[in-house]
Every structure is written in structure tokens, then in C-alpha cells.
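Residue strings, one per chain:
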Amino acid sequence: TAVSSGIARELHEHFPGVPTTVIANGVDGERFRPDPVARAAIRARVGYAEGDVVAVFLGGDWRRKGLVVAIDAVAEARRQGATRLKLLVVGRGDAGAARAHAAAAGVEEAVTFFGRSDDPAAQLAASDIFVSPTGYEAFGLNALEAASVCLPVVATSVHGIEDFVVDGVGGFLCPRTPRAFADAMTRLHDDPVLRRTMGEAARVGACRYTWEAANRRTAELYAALASTPRP
């Protein structure tokens, strides 16, 4: 049982002939949704102005998830004129090294390290763009949660994300380079209507993925296996 079509491809490659089915993860659309109250509270806490356009990076394992790429992309985007673009980093990692990299890139003041969050829905609601230059995912659950909060997703086309983000509709699927991510974020920075329409499309796509559906399909799979005669 695979959580994404990409994992199913890996299983077919390494275990040829073994039957495989895809049962995707889900998202709680009531928890992960736009929340003006949480948005105002978090933005006030970190000192963001009303006109700031906030890209959020969420998760640990910063090397695999590409935090350096995200920081360099923000630096490039600001050079392109996206001067209101900020990066909110949520999660644990080597913050000292990441701060030093942001300083070297000239965007130390534009990058905020929030730390670990027990309620990432609030930080997502406070943001305008979800950014994920990740090198590998089994599914990309945090991108699905961001899409459910109506954030356009700017990400690499990896397992899972390639299934629920339509490039140019619910966000942008980019090569893992600072320039590609900067170009996408600059477009979203400059066009609030595009941010809104892409965010709304992202939520529509995300709402197709529910934990109820995952539970139902898992139960159906077990029932089918239990009723199949053994050879």
C-alpha cells in the first residue's frame, strides 16, 4: 500500500510483480482552513506588516527540504523587486547556520525563524505562499495542509505533491533552483488576485483528500484481502 503514485512506482521498481494500491494521506479541512484571527495573531507576534507577503517553509530536516534554496530564492526575488516578500521558517533545524546563510545572502531581516509549532495551521493561516524546495517526499503532507489553508503551493514536483498540485492552477511546480522558486514567488508577490485564485484552487484540490476516505479505502482493502482464498 503506497501513499502516493510515486511510492507506487518505487514499489513496482524494487518489488516487481507485487500488487500495489495507492491510498493517499488526508487533511482535516476544518482544522486547516483560512483563519483571520490566527493570521492576525501570528503576524503581530512576529512583527509582519499588513502589506508583507509571507512565504512559509514548514518542517524539519532542512537539508532535504531545501531551506537554503528557499532562502536564496527569497534573496533573488527581492532583487527582482519583490521587496515585501518575507520567509517564515517553522520547524526545528540548525537555526544558527541558516541565519548565517540568510545574512550572507543579504536577507537576514526578511527571514523569521519561528521554531517548532504544535499548531502549524496557525502559521499557515498567517502566510500567503507555501514554499517547499524539497528533494524527496513520500507524500508531502505539509503541502497538502497548506493547500487546504488556501495557500498557493510553490514546490518541487515530488511524490504526492505531483498528485495534488496542478502546475499553474493550485501553485507552481519548479525545478529545485533558487531562480525558479524566485520567479514563481515574485509572480505571486506582485499579483494578489493570482495568489487568491491559486489558493482557492489549491483548497479545492486538497479537499479531495480526507482521512475519512483513507480510512474507508484501507478498511475496504483489508476486507478484500480477508475474503480472498489463500493459494
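It should be noted that the structure appears before, not after, this text.
None of these values were measured; they are calculated from a predicted model.

Caption draft 1: A look at the overall build of the protein chain. A count of helices and strands for the protein chain gives 11 helices and 6 strands. In terms of its C-alpha atoms, the protein chain occupies a principal-axis envelope of roughly 65 × 35 × 30 Å. Total accessible area on the protein chain is roughly 11,200 Å²; 54% of this is exposed by carbon and sulfur atoms. With 26 positive and 27 negative side-chain charges, the protein chain shows a separation of 1 Å between the mean positions of the two kinds.

Caption draft 2: Local environment of the packing of helix α4 (residues 67–79) against helix α5 (residues 95–104). Look at α4 against α5: their axes get within 10 Å of each other, and the N-to-C directions meet at 25 degrees. For the element pair α4 / α5, the angle class is roughly parallel. Helix-helix and strand crossings are classified by hand; for α4 and α5 the assignment is right-handed. On the side of α4, the interface is formed by L67, V68, I71 and D72, while α5 contributes A98, H101 and A102. Its residues placed into classes, the contact of α4 with α5 shows 5 nonpolar, 1 polar and 1 charged.

Caption draft 3: Broad picture of unusual backbone geometry. Within the chain, D61 stands out as a residue other than glycine whose phi angle is a positive 50 degrees. Of note, D61 is situated in the loop between β1 (53–58) and α3 (62–65). For D61, a relative accessible area of 43% corresponds to the partly exposed category. In this structure, C150 is a non-glycine residue whose phi angle is positive, near 75 degrees. Note on placement: C150 falls in the loop between α7 (141–148) and β5 (153–155).

Caption draft 4: The arrangement of the sheet that holds β5 in detail. Strand order in the open sheet formed by 6 strands is β3-β2-β1-β4-β5-β6, and the pairing between neighbours is parallel. Only two strands of the sheet have a single partner each, and these edge strands are β3 (111–115) and β6 (171–173). On average, each strand axis in the sheet is inclined to that of its neighbour by 20 degrees, with strand direction left out of account. Two elements, β1 and strand β4 (residues 129–132), share 2 bridges in a ladder whose sense is parallel. Bridge assignment links A55 to a residue of β4, and that residue is I129. Where α4 meets the sheet, its contacts fall on β1, β2 (85–90), β3 and β4, and the angle it forms with β2 comes to roughly 165 degrees.

Caption draft 5: Region of interest: the nonpolar core. The biggest cluster of nonpolar side chains holds 35 residues, and the ones touching the most others in it are L67, L85 and L87. Those elements giving two or more residues to this core turn out to be β1, α4, β2, α5, β3, β4, α9 (178–190) and α10 (192–206). Residue contributions to this core peak at 8 residues, all from α4. Not counting the four nearest positions on each side in its chain, L67 is found in contact with F57, W62, L87, V89, A98 and F113. With 33 residues, the next largest nonpolar core counts Y48, A146, V149 and V165 among its residues.

Caption draft 6: Expanded view of the state of the cysteines. This model, assessed by the stated rule, comprises 0 disulfides. No disulfide involves C207; its nearest neighbouring cysteine sulfur is the one of C150, lying 8.1 Å away.

Caption draft 7: How the structure looks around the layout of surface pockets. Within this model, the largest pocket holds a volume of roughly 370 Å³. Looking at the largest pocket, it is lined by 21 residues, and the ones nearest its centre are R39, S127, D128, C150 and L151. Listing elements by their share of the lining of the largest pocket, those giving two or more residues are α2 (36–46) and α10. Among the elements that line the lining of the largest pocket, the one with the most residues is α10, at 5 residues. Residues that form the lining of the largest pocket fall into these classes: 9 nonpolar, 3 polar and 9 charged. There is about 220 Å³ of room inside the second largest pocket. Forming the walls of the second largest pocket are W62, R63, G66, L67, V68, V69, D94, A97, A98, H101 and R176. Of all elements in the fold, only α3, α4 and α5 reach the threshold of two or more residues within the lining of the second largest pocket. For the lining of the second largest pocket, the per-class residue count stands at 6 nonpolar, 2 polar and 3 charged.

Cut-off values and rules
Residues numbered from 1 in each chain as written. Predicted model: local features only at pLDDT ≥ 70, side-chain atom pairs only at ≥ 80, totals over all residues. Heavy atoms only, no water. Helix = DSSP H or I, 4+ residues; strand = E, 2+ residues; numbered from the N terminus. Areas by Shrake-Rupley, 256 points an atom, 1.4 Å probe, with all protein chains shown as cover. Lys, Arg positive; Asp, Glu negative; His and termini not counted. Charge placed at Lys NZ, Arg CZ, Asp CG, Glu CD. Axes fitted to C-alpha atoms, helices over the stretch in contact; angles between N-to-C directions. Parallel < 35°, antiparallel > 145°, perpendicular 65-115°, else oblique. Left-handed = near helix turned anticlockwise from the far one by under 90°. Contact = heavy atoms within 4.5 Å. Nonpolar A, V, L, I, M, F, W, Y, C, P; charged D, E, K, R; others polar. Buried < 20%, exposed > 50% of the residue type's maximum accessible area, 1.4 Å probe, protein only. Pairing = 2+ DSSP bridges. Core = buried A, V, L, I, M, F, W, Y, C linked by side-chain atoms within 4.5 Å. Disulfide = S-S within 2.5 Å. 1 Å grid on protein atoms, 1.4 Å probe; cavity = no way out; pocket = protein on both sides within 12 Å on 5 of 7 lines; lining within 4 Å. Points joined across faces, edges and corners; volume = space filled by probe spheres on them.

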